[in-house]
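Observations on the model geometry
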Amino acid sequence: MKYFKPLISFVIGFVLLIVTSSLSHVATINGLSQLVLFGLVVCWPIWKTGRMSYVDIGWPWGVFVIGVLTLSFSEGYSIRVWIVSAVYMFIGARMGLGALKLWQMGWMKREFPRYEYQKRRW
């Protein structure tokens, strides 16, 4: 139970998004997109290698996906939508490309210290 207790607030927040009529469509699409992204980019490599460092590749691309979804589904003043979406996509792509560069250079062949520490805590 100690592993699931910190997730309760996130589950409640997601359920609130799903039941809100104006946000349910985009929340569902975002939830499924993030689930597929993290399944393929994070969970599968972790399962194959046993190293958690792949989280550092997945989460910035999750931010990029939020930018794409913001651009695709937002209504309102179009310049503001473009600016907000561009910021999300720029931040996500910048960090995501940096993480892919670390992976390409072989930095992910060994576990990062923060994840070694986390394994000890768990």
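Residues numbered from 1 in each chain as written. Predicted model: local features only at pLDDT ≥ 70, side-chain atom pairs only at ≥ 80, totals over all residues. Heavy atoms only, no water.

**A look at the side chain of Gln-34**
- Locating Gln-34 in the fold gives a position in helix H2 (residues 24-49).
- The contact partners of Gln-34, leaving out residues within four places of it in the chain, are Gly-62, Val-65 and Ile-66. (Helix = DSSP H or I, 4+ residues; strand = E, 2+ residues; numbered from the N terminus. Contact = heavy atoms within 4.5 Å.)

**Some remarks on the nonpolar core**
- Of all hydrophobic cores here, the largest spans 12 residues; its members are Leu-37, Met-52, Tyr-54, Ile-57, Trp-61, Val-65, Leu-69, Ala-93, Ala-99, Met-108, Phe-112 and Tyr-115.
- Looking at this core, the elements that each hand over two or more residues are helix H3 (55-73) and helix H4 (78-104).
- Per element, the largest residue contribution to this core is 4 residues, and it comes from H3. (Core = buried A, V, L, I, M, F, W, Y, C linked by side-chain atoms within 4.5 Å. Buried < 20%, exposed > 50% of the residue type's maximum accessible area, 1.4 Å probe, protein only.)

**Here we look at a nonpolar patch on the surface**
- Together, Tyr-3, Phe-4, Leu-7, Ile-8, Phe-10, Val-11, Ile-12, Val-15, Leu-16 and Val-19 give the surface a local cluster of nonpolar side chains, amounting to about 1000 Å² of exposed area.
- Position of Leu-16 among the secondary structure elements: in helix H1 (residues 8-19).
- Taking the relative accessible area as the measure of exposure, Leu-16 reaches 51% and is therefore exposed. (Patch = residues over 30% accessible without salt bridge, like charges linked within 9 Å, V, L, I, M, F, W, Y side chains within 5 Å. Areas by Shrake-Rupley, 256 points an atom, 1.4 Å probe, with all protein chains shown as cover. Salt bridge = Lys/Arg side-chain N within 4 Å of Asp/Glu carboxyl O.)

**A look at the side chain of Ser-53**
- For Ser-53, the location among the structural elements is in the loop between H2 and H3.
- When its relative accessible area of 0% is taken as the criterion, Ser-53 is described as buried.
- In contact with Ser-53, other than residues within four places in its own chain, are Met-108, Arg-110, Glu-111, Phe-112 and Tyr-115.

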